[in-house]
Amino acid sequence: MNRHEIDRIIEQLSLDEKIGMIHGQGIFHTKGVERLGVLPLWMSDGPMGVRKELQDDNWKPKGTTDDFVSYLPSNSALACSWNPDLEKEAGHVLGEEARGRGKDVILAPGINIMRSPLCGRNFEYMSEDPYLIKKMAVPFIEGIQENDVAACVKHFAVNNQETRRLSVDAQVDERALREIYLPGFEACVKEGKSLTIMGAYNKFRGQHCCHNHYLLEEILRGEWGFDGVVISDWGGVHDTLEAAENGLDIEMSVTDCFDDYFMAEPLKEKVKSGEISESLIDEKVRNILRLMERLHMLGGDRKKGVYNTRAHQETLLECARESVVLLKNEEHCLPLDVKEHSRIGVIGENAVKLHSSGGGSAAIKALYELSPLMGLKTILGGNVQVEYAPGYSSAKEQTEEKEEWQSDSLEDRAYKTVYQENHTEEEELKRGQLRKEAVELAKNCDKVILFCGLNHEFDAEGQDKSSMKLPYGQEELIEEVLNVNENTIIVIIAGSPVDMESFADRAKAIVYSSYNGMEGGRAMAEVLLGITNPSGKLPYTMPRRLEDCPAHKIGEFPGEETVDYKEGIFVGYRFYEKEKIPVRYCFGHGLSYTEFQYDDLHIENVGEHVEVFLTVKNTGTVAGKEVVQVYVEASGEKMERPPKELKGFLKSELQPQEERKISFILNREDFSYYNEEEKCFWVPEDQYSICVGSSVQDIRLRGQVSVSPGAV
Ligand code: BGC
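Computed from a predicted model, the values in this text were never measured in an experiment. (Residues numbered from 1 in each chain as written. Predicted model: local features only at pLDDT ≥ 70, side-chain atom pairs only at ≥ 80, totals over all residues. Heavy atoms only, no water.)

Peer 1: Help me out: how do you make sense of the layout of surface pockets in this one?
Peer 2: To find the voids left in a structure, one rolls a probe of water-molecule size over its atoms. Taken as a whole, the second largest pocket encloses approximately 680 Å³ of empty space. Taken together, 26 residues form the lining of the second largest pocket, with Lys-134, Pro-183, Glu-186, Glu-669 and Phe-681 sitting closest to its centre. Its residues assigned to classes, the lining of the second largest pocket comprises 10 nonpolar, two polar and 14 charged. (1 Å grid on protein atoms, 1.4 Å probe; cavity = no way out; pocket = protein on both sides within 12 Å on 5 of 7 lines; lining within 4 Å. Points joined across faces, edges and corners; volume = space filled by probe spheres on them. Nonpolar A, V, L, I, M, F, W, Y, C, P; charged D, E, K, R; others polar.)

Peer 1: Quick question: what am I supposed to make of helix α5 (residues 130-145) here?
Peer 2: Since one α-helical turn is 3.6 residues long, residues separated by three or four positions face the same way. Over its 16 residues, α5 runs 22 Å from end to end, which matches the ideal 22 Å to within 8%, given 1.5 Å per residue. In terms of burial, α5 is largely enclosed, as 13 of its 16 residues are buried. Two to three positions downstream of the cap, the backbone nitrogen of Tyr-131 sits 3.0 Å from a side-chain oxygen, assigning the N-cap of α5 to Asp-129. (Helix = DSSP H or I, 4+ residues; strand = E, 2+ residues; numbered from the N terminus. Expected span 1.5 Å × (residues − 1). Buried < 20%, exposed > 50% of the residue type's maximum accessible area, 1.4 Å probe, protein only. Polar contact = N/O pair within 3.5 Å; in protein donor to acceptor, adjacent residues only side chain to side chain.)

Peer 1: Even after reading the chapter, I still don't get the site of the ligand, so can you show me in this structure?
Peer 2: Around the ligand sit 15 residues in total, of which Asp-45, Arg-121, Asp-233, Gln-406 and Glu-461 are the nearest. At 2.5 Å, a side-chain N or O of Asp-45 approaches an oxygen atom of the ligand. Within the side chain of Arg-51, a nitrogen or oxygen atom sits 3.2 Å from an oxygen atom of the ligand. Summarising the interface, the protein chains cover 100% of the accessible area of the ligand, which totals 310 Å² for the free molecule. (Near = heavy atom within 4 Å. Areas by Shrake-Rupley, 256 points an atom, 1.4 Å probe, with all protein chains shown as cover.)

Peer 1: Please clarify how helix α6 (residues 174-181) should be interpreted in this entry.
Peer 2: Burial analysis of α6 places eight of its eight residues in the buried class, the great majority of the element. Of the positions making up α6, those classed as buried are Glu-174, Arg-175, Ala-176, Leu-177, Arg-178, Glu-179, Ile-180 and Tyr-181. The opening residue of α6 is Asp-173, an N-cap whose side-chain oxygen sits 3.0 Å from the backbone nitrogen of Arg-175.

Peer 1: Would you mind going over the packing of aromatic side chains with me for this structure?
Peer 2: Both the distance between ring centres and the angle between the ring planes are used here to describe each pair of aromatic rings. In the structure shown here, the tally under the stated rule is 18 aromatic pairs. The interplanar angle of 70 degrees and the centroid separation of 5.3 Å between the aromatic rings of Tyr-181 and Tyr-565 together place this pair among those described as edge-to-face. Taken as a pair, Tyr-181 in helix α6 and Tyr-565 in the loop between β18 (562-564) and α19 (573-579) lie far apart in primary sequence, 384 residues in all. Centre to centre, the rings of Tyr-674 and Phe-681 are 5.3 Å apart; their planes meet at 70 degrees, and the pair counts as edge-to-face. Among the aromatic residues, those joined into a ring-pair cluster are Trp-82, Tyr-131, Tyr-573, Phe-587, Tyr-631 and Phe-649. Its end group placed over the ring of Tyr-565, Arg-115 keeps NZ or CZ at 3.8 Å from the ring centre. (Phe/Tyr/Trp six-rings, centres within 6.5 Å; stacked < 30°, edge-to-face > 60°. Lys NZ or Arg CZ within 6 Å of the ring centre and 35° of its normal.)

Peer 1: Please clarify how the packing of helix α4 (residues 84-100) against α5 should be interpreted in this entry.
Peer 2: Interhelical geometry of α4 versus α5 gives an angle of 35 degrees and a closest axis separation of 6 Å. Both α4 and α5 take part in a crossing whose hand is right-handed. Judged by residue contacts, Pro-84, Glu-87, Lys-88, Ala-90, Gly-91, His-92, Leu-94 and Gly-95 of α4 engage Lys-135, Met-136, Pro-139, Phe-140, Glu-142, Gly-143 and Ile-144 from α5. (Axes fitted to C-alpha atoms, helices over the stretch in contact; angles between N-to-C directions. Left-handed = near helix turned anticlockwise from the far one by under 90°. Contact = heavy atoms within 4.5 Å.)

Peer 1: Could you clarify how one ought to interpret the pairing of strand β11 (residues 385-389) in this entry?
Peer 2: Sheet faces and side chains relate simply in a regular strand, where the side chains alternate between the two faces. Relative to β11, strand β10 (residues 343-347) is paired through five bridges, and the arrangement is parallel. Residue pairing in the sheet places Ile-347 in a bridge with Ala-389 of β11. This β-α-β element, β10 to helix α13 (residues 372-380) to β11, shows right-handed connectivity. (Pairing = 2+ DSSP bridges. Right-handed = clockwise from strand over helix to strand, strands pointing away.)

Peer 1: Sorry, what's going on with the sheet that holds strand β5 (residues 196-199) here?
Peer 2: Strands in a sheet are paired, the pairing made by backbone hydrogen bonds, and the direction either parallel or antiparallel. Ordered by their spatial adjacency, five strands build an open sheet running β1-β2-β3-β5-β8, and the pairing between neighbours is parallel. Of all strands in the sheet, those with a lone pairing partner are β1 (43-44) and β8 (229-231), marking the two edges. Two strands pair when backbone bridges link them, and strand β2 (residues 105-106) and strand β3 (residues 150-156) are joined in this way by two bridges, in the parallel orientation. Bridge assignment links Ile-106 to a residue of β3, and that residue is Ala-151. Each of β2 and β3 is contacted by α5, which is oriented at about 145 degrees to β3, the strand it contacts most. Strand contacts of helix α7 (residues 183-190): β3 and β5, with the helix running at about 160 degrees to β3, the strand carrying the most contacts.

And the structure:
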């Protein structure tokens, strides 16, 4: 169908019909035009799987049994794999399941920058680094869209906190906007060809993102040439005129008064009175029809999708395996050497806690979710004695009322600031008791694994955290268990960086994973038992203290009516490296059960780009996967620059003693910064160091290259 044919449909549409297509007429869909074969557009959350079916005009679940789905590792987990190929496969699973469930748009991925460890939605996002986000989000979108389903990359833009999320006004300088907060979205639009994008709730420089002229008209449509559909976040629209004029195509919200939405009756009235030109409505309808055409909704063969296949489960197991990060492993504590008839103590609620049904709009009904305890038991079998003690308890039950939080999210939860853990004296006593039982178990076991961390009481939409500390008395629990068994393996499951200071020096082995999907428990058990060699790397820094984080030390978080991103471009490791602030575990860190050696760095400037060659060798006795990382180091003499910026990475699997030559290509833009005067990316000086390593701090090889200065 060409533009002409789309125009012919538009000519036949009445104003009412067009208005029906550009706003929600149900919680998750627009209206179609049956007489012309135009279907409604069906949308669904979210990044961890296709959300359960809800009623059409309220947020109560339908309660049927046909909406159980595959549970993907959260974006924060997938990002730990540093494996773009796996991202593509995970995206394919999500897209195929969305189509299988009859959806046209899947509201994923979330790619906002993890600016502070406290953001409640960090678990839905990928990283603190724009380059890593770009490389991981683009294949995820490609994977989704192979299935005639649209991705909806969110939340555009500068949506980095939940506190006052509907009103907070983010103040970000142009350089930080261009270097940190926009590159992920730009790549998703230009390279990933995301067919839709979701406007964020917050304001940016005084105007709401869902109808922000600068973001939507000038940058997204103008500079990036986006011709897809802009969808508002649910309840993110606040003004009819701005929404009509500033590039928004579909208004969605959380209430059932669909005709009252800003882009419903109020817009119709303004068109009728001549205040708003109908051609603006036609433009939106054209974008929507173009999307439908791309999804084969206007005719032609459309893929039908499928959900809950064994193949999906296999893929998600593979993703989960590569997303486990080994942070510390002294005295070869791991992998665990488990003898027949030995006694293993598994302690901590996160050994059994299921996470798929929490977190806000990302929550799903998982077909199944293997807990780590289940993973261990299914692998170890009956001859090993595996005993469990909770050690601590979050003890909050999901209530029916809580399930419907979204219906009043505009008034209530969106304004809530932080989640406060409050516990009564009775709970305190119970905790003491649980700790005592756990310590008893630890004393009498050959091996002890302690599963701690967070859950979706903390990592959740609509709220930020008040602290980076582990809740529920877990620090005391860890200490007491280490007191009786110094070889205890600590496993942290969380969707954000957490404070590990109280135990990280003392514990001999620490493993980290984010919410790792339906097969996460099996993957964790495989890593602990050495069936899988861990290969995950941290996509975000684990700082020592909250006060060290740039958003807290230099900038503001969560601010008041406005939040000033005073730290500018110095987000995450860019800041820690510049200020030489020690961190607990740095960006890119992750160990293996084998060792890798880097050699033979050779760098060549071949004119239009720079080529970097090296060899990497597995010097150990087991096969493993290494993520080789390339950072560009600028002297920062002419222009303040982050000491190091990630500009390339590659994950390779190597057999014992196998050696491989690998190479990277760096383009001029990889050496550039955003020049606010020239309004473009710019190479400021001619000398750069290329640092190749296993993390941002573990640099193994270093070389120089010259690049001609000037515009990119
Ligand atoms: C969230 C979005 C989500 C939408 C629909 C909003 O509360 O911010 O990420 O896609 O709801 O559930």
